[in-house]
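Results of the structural survey
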Amino acid sequence: MWQLLILILVILLVYTTARIKRDSKTKLDSPNTEMVKCNACDLHLPASEAIENDDGWFCSEEQKCQNL
Ligand SMILES: [Zn+2]
């Protein structure tokens, strides 16, 4: 009987550990966390919020930098 309890505990532990690892890996691999630098004001911001054009990355549309 004790062996069955220990087996269930081990399965639960492995399942929980695997789920925590998968969650943290998903966050780290997210492409939205990539940081880019605005060519006009040197502001660092996530690529998902930046605009990329022929001249590089900018923090606002059409090179109208919001921090100048
Ligand atoms: Zn800028």
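Everything quoted here is computed from the prediction, not taken from an experiment.

Cut-offs used in this document
Chains are numbered independently. Their residues run from 1 in the order of the written sequence. Side-chain atom pairs in this predicted model are given and counted only at pLDDT of 80 or more, local residue features only at pLDDT of at least 70, and totals for whole chains, interfaces and linings cover all residues. Working definition: helices are DSSP H or I runs of at least four residues, strands are E runs of at least two. Numbering for both runs from the N terminus. C-beta atoms are first placed from the backbone for all residues, and any pair lying within 7 Å is then listed as a contact. For every residue, the predictor states its confidence as a pLDDT score lying anywhere from 0 to 100. To sort residues by burial, count the other C-beta atoms lying within 10 Å of each one's C-beta; a count of 20 or more means buried, 12 or fewer means exposed, and anything in between means partly exposed. C-beta atoms are built from the backbone.

Turning next to the overall build of the chain. From N to C terminus, the chain includes one helix and four strands. Going residue by residue from the N terminus, the α and β elements of the chain occur as α-β-β-β-β. Taking all contacts inside the chain whose residues are at least 6 apart in sequence as the whole, residues at least 24 apart take part in 15%.

The next thing to look at is the confidence of the model for the chain. For the chain, per-residue confidence averages 82 on the pLDDT scale, and 79% of positions sit at 70 or higher. No element of the chain has a lower mean pLDDT than helix 1 (residues 2-28), which averages 86, and none a higher one than strand 1 (residues 35-37), which averages 92.

Of note, Cys41 is situated in the loop between strand 1 and strand 2 (44-46). Residue classification places Cys41 among the partly exposed positions, given that 13 C-beta atoms sit within 10 Å.

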